[in-house]
Amino acid sequence: MGSKSLNIVIVLMFVVVVLLALDASLVHGQGTRVGFYSKTCPRVESIVRSTVQTHFASNPAIAPGLLRMHFHDCFVHGCDASILIEGANTERTAPPNSLLRGFEVIDDAKAKLEAACPGVVSCADILTLATRDSVFLTKGQSWQVPTGRRDGRVSLASDTTNLPGFRDSVDVQKQKFAEKGLDTKDLVALVGGHTIGTAACRLFSYRLYNFTTNGNGADPTIDPTFLPQLRALCPQNGDGASRVGLDPGSQNRFDTSYFNNLMKGRGVLESDQKLWTDASTKTFVQRFLGARAFNVEFGRSMVKMSNVDVKTGTQGEIRKICTAIN
């Protein structure tokens, strides 16, 4: 083979490799990048940040609200802001999403961005940025957010059935995360987001009464000294809407005490406490008792999750308002 032919073969092989790499990156939703709006809307991050700060100052509950909202959005059709769409039978109306909070923050940020850079910034990116800012405001570590997502045009309540649930075994949790390209480390890191926020009594009170026919009737994995506190907060046949901190003693601060509580049998949700009793997840719970390890891995896993099945390029749209498709 002559040198000219060899060069052509090498070039063709290089093109094939590049195309394969591009294909793989699109499959994994890596059409996003840090600084996507640097020329088209350079103030996007500061506008979102100041909006979140303003709302957080009057209602700190929007921080865990936005974190849950982003998580529930990404697990259904990728992070495409489909959870923000209003109307009958949309994702927003589904039972797992009925208690989500913080929608007004995204609407406010969108209005400000439409005034500054009309038709440029997606609602999906606004939610992703606002989530990062919420973690930072609750004393968590910040991270760089790749942007360039576009908004989805489909939102169906029936598509939310595969969201992780509070009764899920570790195997079921791992399966649901694996379907999104997320591994066991990602699972434990992301569920660690429960270090901020609350849960309604109806999501876990079944663990406190008649869970077993033995002893005190409670889930035996609950710390016996913690049980009276939970029962006082969620009396049998009491108000199922009453809320309890998911990270007792530190529910407003993004820290590692959530993992300490799991170690002590003080996880509020059954699915959370199982992370300590299952050997495959316990390893990561132990690792995340260290603040640096948890903060770094949480940021990495958030970026990974926020790139799952995203719409980029010509897919989807840039909504004019976040609550309705164009």
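Residues numbered from 1 in each chain as written. Predicted model: local features only at pLDDT ≥ 70, side-chain atom pairs only at ≥ 80, totals over all residues. Heavy atoms only, no water.

J.: How do you make sense of the state of the cysteines when you look at a structure like this?
T.: One way to say it: the disulfide is the covalent bond shared by the sulfur atoms of two cysteines. Taken as a whole and assessed by the stated rule, the structure comprises 4 disulfides. Here Cys74 pairs with Cys79 through a disulfide, and the sulfurs are 2.0 Å apart. Residues Cys74 and Cys79 are joined through a disulfide that is right-handed, its torsion about the S-S bond being 115°. Here Cys201 pairs with Cys234 through a disulfide, and the sulfurs are 2.0 Å apart. Across the S-S bond linking Cys201 and Cys234, the dihedral sits near -75°, which makes this disulfide left-handed. A residue pair is termed long-range when its members are at least 10 positions apart, and Cys201 in the loop between strand E1 (198-200) and helix H8 (227-233) and Cys234 in the loop between H8 and strand E2 (243-245) qualify at 33 residues. Residue Cys201 shares its accessibility class with Cys234, and that shared class is buried. (Disulfide = S-S within 2.5 Å. Helix = DSSP H or I, 4+ residues; strand = E, 2+ residues; numbered from the N terminus. Buried < 20%, exposed > 50% of the residue type's maximum accessible area, 1.4 Å probe, protein only.)

J.: How should unusual backbone geometry be read in this particular structure?
T.: Generally, phi is negative for residues other than glycine and the peptide bonds are trans, each holding for most cases. Positioned with a positive phi, Lys139 is a non-glycine residue whose angle comes to about 80°. Structurally, Lys139 is set in the loop between helix H5 (123-137) and helix H6 (170-178). Lys139 gets classed as exposed once you look at its relative accessible area, which sits at 56%. Not every positive phi belongs to a glycine, and Asp309 is a case in point at roughly 50°. Considering the arrangement of structural elements, one finds Asp309 in the segment after helix H12 (291-306). Under the relative-accessibility criterion, Asp309 is labelled partly exposed at 40%.

J.: What exactly am I supposed to notice about the nonpolar core here?
T.: If you look at the biggest cluster of nonpolar residues, it comprises 62 residues, and the most contacted ones within it are Leu84 and Phe298. The contact partners of Phe298, leaving out residues within four places of it in the chain, are Leu67, Val135, Trp143, Ala189, Leu190, Gly193 and Phe254. One finds Ala199, Leu208, Leu227 and Leu246 within the second-largest nonpolar core, a separate group that totals 17 residues. (Core = buried A, V, L, I, M, F, W, Y, C linked by side-chain atoms within 4.5 Å. Contact = heavy atoms within 4.5 Å.)

J.: Any chance you could explain the packing of aromatic side chains here in plain terms?
T.: Pairs of aromatic rings are described using the distance from one ring centre to the other and the angle between the two planes. Throughout the structure, instances matching the rule amount to 15 aromatic pairs. Relative to Phe288, the ring of Phe284 has its centre 6.5 Å away and its plane inclined at 35°; by these criteria the two rings are tilted. The ring of Phe103 has Arg92 lying over it, and the distance from NZ or CZ to the ring centre is 3.7 Å. Geometry around Trp276 places Lys282 over its ring, the cationic atom sitting 4.5 Å from the centre. (Phe/Tyr/Trp six-rings, centres within 6.5 Å; stacked < 30°, edge-to-face > 60°. Lys NZ or Arg CZ within 6 Å of the ring centre and 35° of its normal.)

J.: How do you make sense of the layout of surface pockets when you look at a structure like this?
T.: Take a probe with the size of a water molecule and roll it over the atoms, and the empty space left behind shows itself. As a volume, the largest pocket reaches approximately 830 Å³. Along the wall of the largest pocket there are 38 residues; nearest its centre are Arg68, His72, Pro96, His194 and Leu203. Contributing elements (two or more residues each) for the lining of the largest pocket: helix H3 (62-74), H6, helix H7 (184-191), E1, helix H10 (270-277) and H12. Ranked by the residues each element gives to the lining of the largest pocket, the list is headed by H3, at 6 residues. Considering only residue class, the lining of the largest pocket consists of 20 nonpolar, 12 polar and 6 charged. Taken as a whole, the second largest pocket encloses approximately 150 Å³ of empty space. (1 Å grid on protein atoms, 1.4 Å probe; cavity = no way out; pocket = protein on both sides within 12 Å on 5 of 7 lines; lining within 4 Å. Points joined across faces, edges and corners; volume = space filled by probe spheres on them. Nonpolar A, V, L, I, M, F, W, Y, C, P; charged D, E, K, R; others polar.)

J.: I'm lost on the UniProt feature "binding site: heme b" (unreviewed entry) in the chain in this one. Help?
T.: The residues that UniProt annotates with the feature "binding site: heme b" (unreviewed entry) are His194. Mapped onto the elements of the fold, His194 is located in the loop between H7 and E1. A relative accessible area of 16% places His194 in the buried class. Contacts of His194, omitting those with residues within four sequence positions, involve Arg68, Leu246, Asp247, Tyr258, Leu269 and Asp272. (UniProt positions renumbered as here; feature names shortened; annotations may be inferred.)

J.: What is the right way to read the UniProt feature "binding site: Ca(2+) 1" (unreviewed entry) in the chain from this model?
T.: Here the UniProt feature "binding site: Ca(2+) 1" (unreviewed entry) sits at Asp73, Val76, Gly78, Asp80, Ser82 and Glu91. Spanning 19 residues, the named residues form one tight spatial group whose C-alpha atoms are at most 12.7 Å apart. Residue placement: Asp80 occurs in the loop between H3 and helix H4 (103-116). The residues contacting Asp80, other than those within four sequence positions of it, are Asp73, Ala124, Arg150, Asp151, Gly152, Lys311 and Arg319.

J.: Looking at this structure, I do not really get the pattern of salt bridges. What am I missing?
T.: A side chain with one charge can pair with a side chain of the opposite charge if their charged atoms come near. A complete count under the given rule lists 16 salt bridges for this structure. The residue Arg153 makes a salt bridge to Glu317 at a minimum N-O spacing of 3.2 Å. Residue Arg153 is found in the loop between H5 and H6, and its partner Glu317 is found in the segment after H12; the two are separated by 164 residues along the sequence. The salt bridge involving Glu297 is made with Lys185; its shortest N-O contact spans 3.7 Å. Of this pair, Glu297 sits in helix H12 while Lys185 sits in helix H7, and the two are 112 residues apart along the sequence. On the accessibility criterion, Glu297 (11% relative accessible area) is buried. Classification of Lys185 by relative accessible area gives partly exposed; the value is 24%. (Salt bridge = Lys/Arg side-chain N within 4 Å of Asp/Glu carboxyl O.)

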